[in-house]
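# Reading the structure
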Amino acid sequence: MIYPYPVLYILNYQCDSVGTRLNYEVLDEAIQCICSGVPLSKSWKSKIEKRK
């Protein structure tokens, strides 16, 4: 059987409402920048990457 995701990711998945909220907050900030014409910084996703 072929799985769409590596089995390791499925076995290690943890529902994390704090992490999900952080993802949405960071994406919201990025979308606001893009919509207002402000260049997106290279570190726009650093908060998410730092949490991993």
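All figures in this text were calculated on a predicted structure; none of them were measured in a lab. (Residues numbered from 1 in each chain as written. Predicted model: local features only at pLDDT ≥ 70, side-chain atom pairs only at ≥ 80, totals over all residues. Heavy atoms only, no water.)

### Here we look at the overall build of the chain
Heads up, the condition is: The numbering of helices and of strands both runs from the N terminus, where a helix is a DSSP run of H or I of at least 4 residues and a strand a run of E of at least 2. With a 1.4 Å probe rolled over the protein chains alone, any residue whose accessible area is under 20% of its type maximum counts as buried; one over 50% counts as exposed, and the rest are partly exposed. In this description, accessible areas are obtained by the Shrake-Rupley approach with a 1.4 Å probe, and a residue is regarded as covered only by the protein chains that are shown.
Assigned secondary structure in the chain consists of 3 helices and 0 strands. Listing every helix and strand of the chain by position from the N terminus yields α-α-α. By the burial criterion, 10% of the 52 residues in the chain qualify as buried. Carbon and sulfur atoms form 60% of the exposed surface of the chain, whose accessible area is close to 5,100 Å².

### A short note on helix α2 (residues 17-36)
Quick note on the threshold: Every helix has an expected span of 1.5 Å times one less than the residues it contains. The criterion used for residue contact is that any of the two residues' heavy atoms lie within 4.5 Å.
End to end, α2 covers 28 Å across 20 residues, agreeing with the expected 28 Å (1.5 Å per residue, within 8%). Where α2 is buried, its residues touch α3 (46-51). Phi turns positive one or two residues past the end of α2, at Gly-37, with a value near 85°.

### A short note on the pattern of salt bridges
Rule in force here: Salt bridges, as used here, are contacts in which a Lys or Arg side-chain nitrogen is within 4 Å of a carboxyl oxygen on Asp or Glu.
Tallied over the entire structure, the rule returns 2 salt bridges. Between Lys-47 and Glu-29 there is a salt bridge, with its nearest N and O atoms 3.4 Å apart. Of this pair, Lys-47 sits in helix α3 while Glu-29 sits in helix α2, and the two are 18 residues apart along the sequence. The exposure class assigned to Lys-47 is partly exposed, which follows from its relative accessible area of 41%. Measuring nitrogen to oxygen at the nearest pair gives 3.6 Å for the salt bridge that ties Lys-45 to Glu-49.

### As for the environment of Leu-22
Structurally, Leu-22 is set in helix α2. The buried category is assigned to Leu-22, whose relative accessible area is 16%. Considering only alpha carbons, one finds Leu-22 and Ile-48, 26 residues apart in sequence, at a separation of 6.9 Å. Residues in contact with Leu-22, not counting those within four places in the same chain, are Lys-47, Ile-48 and Arg-51.

Geometric values such as these leave the question of function open.
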